[in-house]
Structure formats: structure tokens, C-alpha cells
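Commentary on secondary and tertiary structure
So the chains spell out like this:
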Amino acid sequence: MQSAIQSVTHNLPLFIQKPAIALIGQECYTTLIYHVDLSSTHCVKYAISKSLGLGIVVFGSIMKVPQILNIVNGRSARGISLSMYTLEVMAYTISLAYAVRSRLPFSTYGENLSLTLQNMIILLLVIAFSPDTRTGRVDPSAHSNKITIAAALMAIGSLALATPAVIPASTLTFLQALTIPISLASKVPQMAELYKDKSRGQLSSIVVFAQLLGTIARVFTTMTETDDKLLLYGFGLATLFNAAIAAQVLYYWNGDKALAEQKKRDGEKIGLHSTSSGVAPSFEPFTVSTHGPTKARGRKLD
């Protein structure tokens, strides 16, 4: 059986060989693919890690598109925490700058670029589709100033993090350490939002579970490909918090339906109360004078 497989792997075309070698390296390519030898634990783990990393990078480029579409199509950001995305943008931007400037393998952070951009878009959409505090109406044009300021701050912050002359390596390392509490803190407002609404609202369940799987995979790739404890602890704790949000999403899965039914029942109760109370409308009494017109009194003119 192995010889039959080797007859294929020994004659793979270059357009398959080169990407495979680039992904897992010449040594592991020769061991795992050319010789079909799976006894090397190191190469097996490395190949799995690289494949997971590549998959996360590819999937990460579209992972939050469902959330963006949910907000745009529903013209609502109900159930989505602005605080969460503000903190997430901060953490993702810092982590991206740290990974790039530390020259870490692209497969360990590649999705951060697209996820950072997607988080920025979602942040602006949440601002745009937040209801007015006084009228309750959703009018994106009313938030144009806030959107402009938020976009400018994100652009300036990104440029600063990417520039060593502005933020030196030691400061960036310190900021990377801060991304752990920032990332964890970003999950708390979303948990609170779910608990308060008892429903998912416009929160995309696809994105929630994709984030959970992504952080689990990142724990494995970080352990396999780098010795960076900061990243490992960050992904590990993020996995726990993402799991908590995923559990809430499952628990409140039918929350929107229950909320709609409750509103319907409340409306019926109000209508029933107004029609069955039997209280006759009151009118102001109308009185007519029986003393005739009032005589006008005036001083006689000479």
C-alpha cells in the first residue's frame, strides 16, 4: 500500500511540490509526503500546525463578513457591544504590529490583518446604526462626526504602532502584554449585553463559533511554531472567554422569538385592558346662565 502511494508522491508535479515545501519545509516534505513516513511526531505536528495556520489565515479574511452583513441588512446593531469592538480593535491592532515587527511566521498571525480591518468596519457600523438616545431612531447620517473621529483615531493609532520611531520595541512589547487583559475585558461587555437582552440580536452566531475555533487552533499553532508565551497565554484565555460567549449564544438561541412573543402578549394585554375597563369618558359640565345678559357698567360721560 505504501509503495503504491509513494509511486504517486515521488512524481508529484512542481506546482504541488513547491507550495508544499514552502508550507512545511524540505525536511518534513521529504519525510511525510515523499517517503509517506508518519512516524516523525515533530513533522506531523508541524504540518498540522502549518495547515491550521493557513486555514485560519484564509478563513479569517472573511470570518466577520456575516456580522457585517447582519448589521447592514438589519440596519441595526442591537445586541452588539460597542465597547467590545472598541477594545478588540485596540488589541488586534497592537498584536498585528507586534507580530509584524517581531518577524513572527506569517502563518501564526496572518489572519490578524484582515480581522483587524473587519473589526474596524464593524466598529464604525455599530456607531452608525446605534439608535438615537432621545428618539430611538436609527439614522447613520446623524453619527457622521463620530464615525469620522473614530476612523481617524484608528488610522493614527495604526500608523503609530507600525512606526518604531514613535513606539519603540520595548513599549510595543509592553503593549502586547496589555492586550491580554484588553482582549479579555472586551468580552465582558458582550456577555453583559447578551445577559441583558436575553437574545442574540444582530450578533452573528457564525462569527462567535468561528472565533472560538480560531482561538483554539491558535493555541496549537503558537505552541508548535513559536516560544512566545505572551501570545500563548493570550490565545488560551481568549479561548475560555469565547467559549463563555458561545455558551450564552446557545442558551439564548431562541431569545429573539421569545422576546417577540412577549411583546405581542404585552400588546394584547394593553388592548384588552383599554377595551374591557368599562370606564365611561368624563365630560366637563356645561352650564347656562338663567339671569340674562350681564349689564355693562360704565361711567357716564359728560
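Residues numbered from 1 in each chain as written. Predicted model: local features only at pLDDT ≥ 70, side-chain atom pairs only at ≥ 80, totals over all residues. Heavy atoms only, no water.

Thoughts on the packing of helix H9 (residues 205–225) against helix H10 (residues 229–251)
- Where H9 contacts H10, the two axes come as close as 8 Å, and the packing angle between them is 155°. Of the possible angle classes, the one that applies to H9 and H10 is roughly antiparallel. In the packing of H9 onto H10, the handedness of the crossing is left-handed. In contact with Ser205, Val208, Phe209, Gln211, Leu212, Thr215, Ile216, Arg218, Val219, Thr222 and Met223 of H9, H10 contributes Leu231, Leu232, Phe235, Gly236, Ala238, Thr239, Asn242, Ala243, Ile245, Ala246, Val249 and Leu250. (Axes fitted to C-alpha atoms, helices over the stretch in contact; angles between N-to-C directions. Helix = DSSP H or I, 4+ residues; strand = E, 2+ residues; numbered from the N terminus. Parallel < 35°, antiparallel > 145°, perpendicular 65-115°, else oblique. Left-handed = near helix turned anticlockwise from the far one by under 90°. Contact = heavy atoms within 4.5 Å.)

Overview of the nonpolar core
- Counting 15 residues, the largest nonpolar core has Ile71, Tyr85, Ile122, Val126 and Phe129 as the members making the most contacts within it.
- The leading source of residues in this core is helix H6 (residues 111–128), at six residues.
- The residues touching Ile122, leaving out its near neighbours within four places in the chain, are Lys64, Gln67, Ile68, Ile71 and Tyr85.
- Core analysis: the second largest hydrophobic core is formed by nine residues, Met191, Val208, Ile245 and Ala246 among them. (Core = buried A, V, L, I, M, F, W, Y, C linked by side-chain atoms within 4.5 Å. Buried < 20%, exposed > 50% of the residue type's maximum accessible area, 1.4 Å probe, protein only.)

Concerning the UniProt feature "transmembrane region" (unreviewed entry) in the protein
- Following the UniProt record, one finds the feature "transmembrane region" (unreviewed entry) at residues 82–100, 112–129, 149–182, 203–220 and 232–253.
- A distance of 27 Å separates the end C-alpha atoms of residues 82–100, which is 100% helix and 0% strand.
- The span residues 232–253 is 91% helix and 0% strand, and its two end C-alpha atoms sit 31 Å from each other. (UniProt positions renumbered as here; feature names shortened; annotations may be inferred.)

Considering a nonpolar patch on the surface
- Together, Phe59, Ile62, Val65 and Leu69 line one region of the surface with nonpolar side chains, adding up to about 340 Å² of accessible area.
- Residue position: Leu69 is located in helix H4 (residues 65–74). (Patch = residues over 30% accessible without salt bridge, like charges linked within 9 Å, V, L, I, M, F, W, Y side chains within 5 Å. Areas by Shrake-Rupley, 256 points an atom, 1.4 Å probe, with all protein chains shown as cover. Salt bridge = Lys/Arg side-chain N within 4 Å of Asp/Glu carboxyl O.)

Description of the pattern of salt bridges
- Using the criterion set out here, one finds five salt bridges in the structure.
- The salt bridge involving Glu88 is made with Lys64; its shortest N-O contact spans 2.9 Å. On the criterion of sequence distance, the pair formed by Glu88 in helix H5 (residues 82–101) and Lys64 in the loop between helix H3 (41–60) and H4 is long-range, its members being 24 residues apart.
- A residue is classified by how much of its surface remains accessible, and Glu88, at 2% relative accessible area, is buried.
- Of the charged contacts, one joins Glu88 and Lys187 as a salt bridge, the two residues approaching to 3.1 Å between their closest N and O atoms. Of this pair, Glu88 sits in helix H5 while Lys187 sits in helix H8 (residues 169–197), placing them 99 residues apart in sequence.
- Taken together, the shared-partner salt bridges in this structure form one network comprising Lys64, Glu88 and Lys187.

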